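Structure at a glance
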Amino acid sequence: MTITVDGINKRFGKFQALNNVSLDIPEGKLTALLGPSGSGKTTLLRIIAGLESADSGRIAFSGQDVTKLHVRDRNIGFVFQHYALFRHMTVAQNIAFGLESLPRKQRPAKAEIQKRVRELLEMIQLPHLAQRFPAQLSGGQKQRVALARSIATRPKILLLDEPFGALDAKVRKDLRRWLRNLHDEFHFTSIFVTHDQEEALELSDQVVVMSQGNVEQVNEPTELYARPDSRFVFDFLGQVNVLSGEVKHGSLSQGNAWVTVPGIRHQGNAQLYLRPHEVRLATTPAAHANLPLRIEAVSLIGSEVRVELRPEGWTSESSDNIWEVGISHAEFNQQRPTRGDLRYAVPEVGHLFTGKDTQPTTVSWAEAESPPRVRLIK
Amino acid sequence: MSTANQAGAVIPQRLPRIGNRSKRVLPGFGLSLGISLLFISLILMLPLTGLVMEVSAMSFDQFWFVITDPRVVASYKVTALSALAASLFNGLFGLLLAWVLVRYEFPGKRLIDAVVDLPFALPTAVAGIVLATLFAENGWYGQWLSKLGIEIAFTPVGIAVAMAFTSLPFVVRTVQPVLEELAPEDEEAAVSLGASDGLVFRRVIFPALWPALLTGVALSFTRSLGEFGAVIFIAGNMPYVSEVTSLMIFVRLQEYDYAAASAIASVVLLVSLVMLFAITLWQARYLKRIEGR
């Protein structure tokens with residue numbers, strides 16, 4: 001089932017939660033609604049579910065208008081952040097609830113319901129806990145039960161509100177993978193809300209980035225990461241290193257930091273955005289950039305060594321005035337950067353926002369070691 | 001736990017229980033429990049001991065004779081049935097009232113919320129006189145009801161009305177907080193699974209309210225068993241028909257027969273105690289299940 005969101009507005013008192021939001025959610029795909037708190041993502045999900053009504057606008061499932069349809073008639077599965085399991089019912093009774101709530105004519109026979117509950121328990125790998133009460137389960141188990149409960153009636157649409165938000169990191173990772181498999185097996189049209197960019201990029205087929213009640217950008221995760229449309233999306237998706245300054249004679253500078261920007265005609269304010277992997281660290285300044293930084297911390301965990309640096313003689317708009325650069329373990333072993341060392345950041349690819357432009361220009365300094373042969377992409 | 005104690009660093013895994021020798025996080029357990037027990041002894045236990053002492057001065061035959069006196073037994077029936085009717089009525093009406101006060105916003109809501117406690121604030125005798133006047137044959141309600149052939153004042157029904165009036169707050173005040181804390185997600189989850197409103201109430205809301213409601217009804221019932229002031233003015237106090245047990249106690253007291261009064265009182269007390277205890281036990285089991293372990 002496709003989901004069409006058409007011109008949805010929602011206000012809570014003076015607060016505009018959703019501002020004329022329109023979206024197309026493709027069938028059988030896992031879509032993430034990503035944004036900071038207060039961006040309206042949960043409100044949008046609840047309006048799609050029918051748990052909240054919009055002030056204006058239209059919701060359609062596969063072209064059929066469901067705006068006026070009550071949530072119980074929309075045939076959706078909804079999973080809550082805090083599980084919302086019925087505390088006085090056993091796991092099995094919880095899962096059976098949806099089937100037992102069907103109108104008498106559609107309701108399967110008792111034995112049939114029991115069989116389906118057993119299947120679902122097998123699927124969530126918790127058949128041994130059928131007779132337990134929710135209070136006796138761990139967070140991850142509760143959320144799996146909640147998922148099983150929501151898909152017991154075989155809805156075509158599965159909506160998840162920060163489904164892993166209340167779980168610890170390890171469980172979250174397992175459950176994420178498990179949800180992905182579940183989705184691939186059953187081909188729901190799924191939407192899940194998250195404020196965790198990593199979760200959104202890893203899990204989804206399509207990401208909808210939201211901010212202050214507006215949709216900022218919709219795209220596949222890889223595209224979104226590679227080509228953010230706006231400063232907001234850039235900032236929100238992963239760590240970013242910013243040099244904000246003034247462009248004069250083809251060079252962006254602030255304090256004692258400068259970067260030559262080939263082929264630029266713009267004069268005045270500009271911001272250069274660099275991802276951690278688009279920067280190298282060198283012990284001497286490069287011909288095209290002078291970005292002195294002092295090492296603040298080195299983190300060895302993960303497939304890459306993460307180095308945090310503080311600008312020396314200039315300031316950055318990045319979070320906490322910190323730049324983050326990823327280097328390989330091989331490089332780390334060679335250079336042995338330690339806290340307090342001075343390094344020069346050498347940008348290889350960057351994204352330049354000039355003036356009030358919302359779209360960045362991607363700049364590349366490929367093979368930029370002297371003599372600089374530069375080219376402009378886009 | 002024991003290794004932690006030896007190391008001198010205690011990180012309790014859960015709140016300490018009575019009898020657990022490990023160091024407690026909150027200080028003053030001994031002091032606060034001591035003061036509590038002292039006051040329970042002075043205010044509750046000592047008078048009850050007096051009652052038991054008074055009763056124990058009687059032989060069992062005397063005791064049995066007093067408490068099985070036909071007029072007293074008739075009063076048990078009247079009291080128990082009226083209290084049952086009153087507490088069941090309060091169970092229904094109190095639940096409705098709590099529901100309205102928690103779930104809806106309307107002008108005057110705070111006022112109604114305050115008025116609910118009025119039966120506690122009002123001297124029960126005043127309540128009794130007011131009710132008797134209202135339901136008397138020429139009273140505001142009584143004149144209409146008598147036309148329909150319904151008599152309330154000076155009948156057991158009147159007793160139930162007075163009991164219901166004085167014990168309504170018990171139900172409202174026990175159900176209200178539970179209703180307030182009910183997670184809206186539970187209902188939303190049920191509705192998203194296709195449940196009708198009736199089903200949501202029956203299978204999701206009511207089971208959560210049930211322990212509190214039962215406690216409220218039980219409190220209302222035991223309070224009604226002992227109600228005196230409000231009841232005697234409206235009851236009519238006809239022997240074998242509309243005499244309540246507390247009146248029987250009062251009558252014995254007026255005859256300076258303290259032993260007999262204590263004997264009857266001990267019956268009421270025992271019934272109340274057993275009932276409250278049973279409900280506490282049942283509730284503990286039920287809540288244990290919901291809250292885990």
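All values derive from a computational prediction rather than experimental measurement. (Residues numbered from 1 in each chain as written. Chains lettered and ligands numbered in written order. Predicted model: local features only at pLDDT ≥ 70, side-chain atom pairs only at ≥ 80, totals over all residues. Heavy atoms only, no water.)

Quick notes on the overall build of chain A
Across its full length, chain A carries nine helices and 23 strands. In chain A, buried positions account for 51% of the 378 residues. Within the structure as shown, chain A displays about 17500 Å² of accessible surface, and the carbon and sulfur contribution to it stands at 47%. Between the mean site of the 46 positive side-chain charges and the mean site of the 42 negative ones, chain A shows a separation of 7 Å. (Helix = DSSP H or I, 4+ residues; strand = E, 2+ residues; numbered from the N terminus. Buried < 20%, exposed > 50% of the residue type's maximum accessible area, 1.4 Å probe, protein only. Areas by Shrake-Rupley, 256 points an atom, 1.4 Å probe, with all protein chains shown as cover. Lys, Arg positive; Asp, Glu negative; His and termini not counted. Charge placed at Lys NZ, Arg CZ, Asp CG, Glu CD.)

Observations regarding the packing of aromatic side chains
All names here are of chain B. Per the stated rule, a full pass over the model turns up 19 aromatic pairs over all chains. Relative to Trp 64, the ring of Phe 60 has its centre 5.9 Å away and its plane inclined at 20°; by these criteria the two rings are stacked. With a gap of four residues between them, Phe 60 and Trp 64 both fall in helix H3 (residues 60–67), about one helical turn apart. Here the aromatic rings of Phe 120 and Phe 170 are separated by 5.1 Å at their centres, their planes lie at 70°, and the arrangement is edge-to-face. (Phe/Tyr/Trp six-rings, centres within 6.5 Å; stacked < 30°, edge-to-face > 60°.)

Describing the domain arrangement of chain A
Accessible area lost during the coming together of the parts is what is often quoted as the interface size. Assigned domains of chain A: these are domain 1 (3–227) and domain 2 (239–364). For domain 1 of chain A versus domain 2 of chain A, the separation of C-alpha centres amounts to 39 Å. (Domains from an automatic or database assignment.)

Brief notes about the pairing of strand E17 (residues 292–299) of chain A
Looking along a regular strand, one sees side chains alternate from face to face of the sheet. Residue and element names in this part refer to chain A. Both E17 and strand E20 (residues 342–347) contribute to a ladder of three bridges, which runs antiparallel. Looking across to E20, one finds that Arg 294 is bridged to Leu 342. Summarising the sheet, E17 and strand E18 (residues 305–311) pair through six bridges and their orientation is antiparallel. The partner of Ala 297 across the bridge, within E18, is Glu 308. Hairpin remark: E17 followed by E18, antiparallel, with five residues in the connecting loop; positive phi at Gly 302, about 110°. (Pairing = 2+ DSSP bridges.)

So, the side chain of Asp 113 of chain B
Locating Asp 113 of chain B in the fold gives a position in helix H5 (residues 109–115). Among residues more than four places away in sequence, those in contact with Asp 113 of chain B are Leu 101, Arg 173 and Gln 176 of chain B. (Contact = heavy atoms within 4.5 Å.)

Details of the confidence of the model for chain B
Per-residue confidence for chain B gives a mean pLDDT of 86, with 91% of residues at or over 70. Across the assembled chains, the prediction reports ipTM 0.80 with pTM 0.78. (pLDDT = per-residue confidence, 0-100.)

Re the pattern of salt bridges
Residue and element names in this part refer to chain A. For the structure on display, the rule yields 31 salt bridges over all chains. Linking Asp 65 and Arg 58 is a salt bridge whose minimum nitrogen-to-oxygen distance equals 3.6 Å. Of the residues examined, Asp 65 reaches a relative accessible area of 41% and is grouped as partly exposed. Relative accessible area serves as the criterion here: at 32%, Arg 58 is assigned to the partly exposed category. For the salt bridge of Arg 176 with Glu 202, the shortest nitrogen-to-oxygen distance reads 2.8 Å. One end of the pair, Arg 176, is in helix H5 (residues 169–186); the other, Glu 202, is in helix H6 (residues 197–203), and 26 residues separate them in sequence. Residue class for Glu 202 comes out partly exposed when judged on its relative accessible area of 43%. (Salt bridge = Lys/Arg side-chain N within 4 Å of Asp/Glu carboxyl O.)

Some details on the interface of chain B and chain A
In this complex, chain B contributes 22 residues to the contact, which on the side of chain A involves 23 residues. Carbon and sulfur atoms supply 60% of the area that chain B and chain A bury against each other, a total of about 2200 Å² over both sides. Three residues stand out in chain B for area buried against chain A, namely Leu 193, Arg 203 and Ile 290 of chain B, and they jointly supply 31% of the buried area on that side. In this structure, Arg 72 of chain A and Asp 197 of chain B form a salt bridge, with 2.6 Å as the shortest nitrogen-oxygen distance. Applying the counting rule to chain B against chain A returns five residue pairs in polar contact (both at pLDDT 80 or more). Elements that contribute at least two residues to the side of chain B that touches chain A include exactly helix H10 (184–192), helix H11 (197–226) and helix H14 (258–291) of chain B. If one sorts the elements of the side of chain B that touches chain A by residue count, H10 of chain B sits on top with seven residues. Its residues placed into classes, the side of chain B that touches chain A shows ten nonpolar, four polar and eight charged. (Buried area = accessible area lost by both parts, 1.4 Å probe. Polar contact = N/O pair within 3.5 Å; in protein donor to acceptor, adjacent residues only side chain to side chain. Nonpolar A, V, L, I, M, F, W, Y, C, P; charged D, E, K, R; others polar.)

Examining the sheet that holds E17 of chain A
All names here are of chain A. Strands sit in the order E15-E20-E17-E18-E19 across an open sheet of five strands; the sheet is antiparallel. Each having just a single partner strand, strand E15 (279–282) and strand E19 (323–327) make up the two edges of the open sheet. In this sheet, neighbouring strand axes are inclined to one another by 45° on average, regardless of whether the strands run parallel or antiparallel. (Axes fitted to C-alpha atoms, helices over the stretch in contact; angles between N-to-C directions.)

Overview of the packing of helix H2 (residues 29–56) of chain B against H14 of chain B
Residue and element names in this part refer to chain B. Two numbers describe how H2 lies on H14: the axes approach to 8 Å, and their chain directions differ by 120°. Considering their axes alone, H2 and H14 lie oblique with respect to each other. Relative to H14, the crossing made by H2 is left-handed. Contacts between H2 and H14 involve Leu 48, Leu 51, Glu 54 and Val 55 on the former and, on the latter, Tyr 258, Ala 259, Ser 262, Ala 263, Ala 265, Ser 266 and Leu 269. Residues of the contact of H2 with H14, tallied by class, amount to eight nonpolar, two polar and one charged. (Parallel < 35°, antiparallel > 145°, perpendicular 65-115°, else oblique. Left-handed = near helix turned anticlockwise from the far one by under 90°.)

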